[in-house]
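Observations on chain architecture
Spelled out from the first residue to the last, the chains are:
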Amino acid sequence: MGLSYNVYLNSHKIYGCKNCKAHLSNHEDIISRNFRGQHGKAYLFNNVVNVTAGDASERNMTTGRHIVRDIACRQCNETVGWKYDKAFEPSEKYKEGKYILEAELLCNVT
């Protein structure tokens, strides 16, 4: 498989893993701040880097039924959020292929 290298983002505000500071996403990729995760406040992102995705599972969430995958930091393996694979409600389809990162598990990287 070979070595995997971290992606380093170039932005005025970068969100990283609170545990190891690996870059995860930048401020410009936030779609919405109006989400909740297991640890409280969460953000919906268009794109994230340096994560690995777990197995897909069906979950009943406050906005309906979704198929999601937990995502973990590639560097330290800490779970940082989830990815939406499928939304069953038509009004929730915009989430498909997008990512949730939980604010409590993030830090600002300078």
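The name given to the protein in an unreviewed UniProt entry is Protein yippee-like, and the organism recorded there is Hyaloscypha variabilis. Under the heading Sequence similarities (unreviewed entry), UniProt records this for the protein: "Belongs to the yippee family."

**Concerning the packing of aromatic side chains**
Across all of its chains, the model carries four aromatic pairs by this definition. Arranged with centres 6.0 Å apart and planes meeting at 50°, the rings of Tyr-15 and Tyr-43 form a pair that is tilted. Taken together, the positions of Tyr-15 in strand β1 (residues 14–17) and Tyr-43 in strand β4 (residues 40–45) put the pair 28 residues apart, joining distant regions of the chain. Residues Tyr-43 and Phe-45 carry aromatic rings whose centres are separated by 6.3 Å and whose planes lie at 70° to one another, so their mutual orientation is edge-to-face. Judged by its relative accessible area of 0%, Phe-45 is buried. A connected cluster of aromatic rings, assembled from ring pairs, spans Tyr-15, Tyr-43 and Phe-45. We note Arg-65 situated over the ring of Phe-88; from NZ or CZ to the ring centre the distance is 3.8 Å.

**Structural notes on the pattern of salt bridges**
Pairing between side chains of opposite charge can happen when the charged atoms of each approach one another. Counted under the stated rule, the structure contains six salt bridges. In this structure, Glu-104 and Lys-18 form a salt bridge, with 3.3 Å as the shortest nitrogen-oxygen distance. Within this pair, whereas Glu-104 is found in the loop between β8 (99–102) and β9 (106–109), its partner Lys-18 is found in the loop between β1 and β2 (23–26), the two being separated by 86 residues in sequence. Given a relative accessible area of 43%, Lys-18 falls into the partly exposed group. A salt bridge links Asp-85 to Arg-69; the shortest N-O distance between them is 2.6 Å. With a gap of 16 residues between them, Asp-85 in strand β7 (residues 79–87) and Arg-69 in strand β6 (residues 64–73) connect regions that are remote in the sequence.

**Thoughts on the sheet that holds β2**
With antiparallel pairing, the three strands of this open sheet are ordered in space as β2-β1-β9. The open sheet terminates on both sides in strands that have one partner only, identified here as β2 and β9. The mean inter-strand angle of the sheet, taken between neighbouring strand axes irrespective of direction, is 40°. Where β1 and β2 come together, three bridges link them in antiparallel fashion. Bridged to Tyr-15 within β2 is Ser-25.

**Some points on the sheet that holds β6**
The six strands are arranged β3-β4-β8-β7-β6-β5 in an open sheet whose pairing can be described as antiparallel. Edge positions in the open sheet fall to β3 (30–37) and β5 (51–61), since each of these has one partner strand only. Within the sheet, the average angular offset between the axes of one strand and its neighbour, ignoring direction, is 30°. Inspection of the sheet shows β5 paired to β6 by nine bridges, in the antiparallel sense.

Quick notes on the rules
- Residues numbered from 1 in each chain as written.
- Predicted model: local features only at pLDDT ≥ 70, side-chain atom pairs only at ≥ 80, totals over all residues.
- Heavy atoms only, no water.
- UniProt positions renumbered as here; feature names shortened; annotations may be inferred.
- Phe/Tyr/Trp six-rings, centres within 6.5 Å; stacked < 30°, edge-to-face > 60°.
- Helix = DSSP H or I, 4+ residues; strand = E, 2+ residues; numbered from the N terminus.
- Buried < 20%, exposed > 50% of the residue type's maximum accessible area, 1.4 Å probe, protein only.
- Lys NZ or Arg CZ within 6 Å of the ring centre and 35° of its normal.
- Salt bridge = Lys/Arg side-chain N within 4 Å of Asp/Glu carboxyl O.
- Pairing = 2+ DSSP bridges.
- Axes fitted to C-alpha atoms, helices over the stretch in contact; angles between N-to-C directions.

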